[in-house]
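Chains, contacts and geometry: an overview
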Amino acid sequence: MKIEYLNIYTSKLEEQLKFFRDLFGLKIQNYTEESFEVLIGTSILKLSKNANATPYHIAFHIPDKQEEIALEWVKERVAIIKSYNNEIVDFSNWDAKSLYFYDKDENILEFISRRTLNSPKSAIFSEESILGIAEIGLATSNIRKSYEFLSKNFQLEKFDGNFEKFCAIGDPDGLIITINKDLKDWFPANDKAYASGFSLIYSHQNNTHHLQFKNDELHYI
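Within each chain, residues carry numbers counting from 1 in the order of the written sequence. Given that the model is predicted, a residue must reach a pLDDT of at least 70 before its local features are reported, and side-chain atom pairs must reach 80 or more before they are shown or counted; all residues, however, enter totals for whole chains, interfaces and linings. Side-chain numbers here rest on the full set of heavy atoms in the structure, without hydrogens or water.

**Remarks on helix H3 (residues 143-154)**
Owing to its 3.6 residues per turn, the α-helix brings residues three or four apart onto one side. Between its first and last C-alpha, H3 extends 16 Å over twelve residues, near the 16 Å set by a 1.5 Å rise per residue. Burial classes follow relative accessibility: with a 1.4 Å probe on protein chains only, a residue under 20% of its type's maximum area counts as buried, one over 50% as exposed, and anything between as partly exposed. Comment: elements are numbered from the N terminus, with helices defined as DSSP H or I runs of at least four residues and strands as E runs of at least two. Three or more residues of H3 are buried, namely Ile143, Ser146, Tyr147, Leu150 and Phe154. In a view along the axis of H3, the buried residues occupy a sector of 100 degrees, so they form one face of it. The residue sitting at the N-terminus of H3 and contributing the capping side-chain oxygen is Asn142; that oxygen lies 3.3 Å from the backbone nitrogen of Arg144. Phi for Gln155, located one or two positions after H3, is positive at around 60 degrees. Here a helix's expected span is defined as the number of its residues, less one, multiplied by 1.5 Å. Working definition: the arc comes from the directions between the helix axis and the C-beta atoms, pointing outward to the latter. Residues adjacent in sequence count toward polar contacts only when both atoms are side-chain atoms; beyond that, a polar contact is any pair of N or O atoms within 3.5 Å, and within protein one must be able to donate a hydrogen and the other to accept it.

Right under this line is the structure:
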């Protein structure tokens, strides 16, 4: 699945605008007092104002084997969230390496470099090296129910995990990282997981789908 459009909520719209536009150098469109959109590679991330917004986990694709130079680029801008004192996490079973950091809403953001995807076009890392949205976290009280909805309606498959605490649903191009918010916190800082609502547009098997997560329920829109 390829994530084309993701709408999340923010209680700090102006601070987030400065984070993505001024600190990370990403292009902004459709800016209003209520929302703005960030152009991130092949994806669009929309942030909409909501005073009651709670944090998310979102990952972005970066080129293969560029996690080291991406790390230095990020460290010039924000602090890294370490895992057992490691700045880069090796997911050998996924053929991937990742690094993590916060934005102004304390969303956990991730850069993921997959060995089977995205050959680098340049030896230099910049905002243009951020290739698109790779993952959105879905914290729920019922992983199995979420999986069955996604499997039945969209033919999405389990990529990794189980129905107890953690289940990655989709494929290496795009994943819905589903966790049981009552049993598991967000990696790597063990931040509390909230059922933060979002809407999503993605393509899969030559079809485009619109999905909404609201009040711990998935809906086809």
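**A word on the nonpolar core**
Judged by nonpolar contacts, the single largest core of 49 residues is most densely connected at Leu45, Ile58, Phe111 and Leu200. Residue contacts for Phe111: discarding those within four places in its chain leaves Phe24, Phe60, Ile62, Ala70, Trp73, Val74, Lys97, Ser98, Leu99, Phe101, Phe125 and Ile130. Throughout this description, the term nonpolar core refers to a set of buried Ala, Val, Leu, Ile, Met, Phe, Trp, Tyr and Cys residues connected via side-chain atoms within 4.5 Å. In this structure, Ile81, Trp94, Ala168 and Ile179 belong to the second largest nonpolar core, which totals 16 residues. Residues are treated as being in contact if the distance between any of their heavy atoms lies within 4.5 Å.

**Re unusual backbone geometry**
The amide bond that connects Phe187 to the next residue, Pro188, takes the cis arrangement and shows omega of 5 degrees. When you line up the elements, Pro188 lands in the loop between strand S13 (174-180) and strand S14 (198-204). A positive phi angle is found at Lys65, which is not glycine, with a value near 65 degrees. Take Lys65: its relative accessible area is 57%, and that puts it in the exposed class. One non-glycine residue, Asp95, lies in positive phi territory at about 55 degrees. Checked against the element boundaries, Asp95 lands in the loop between strand S7 (89-91) and strand S8 (96-102). Since its relative accessible area comes to 41%, Asp95 is described here as partly exposed.

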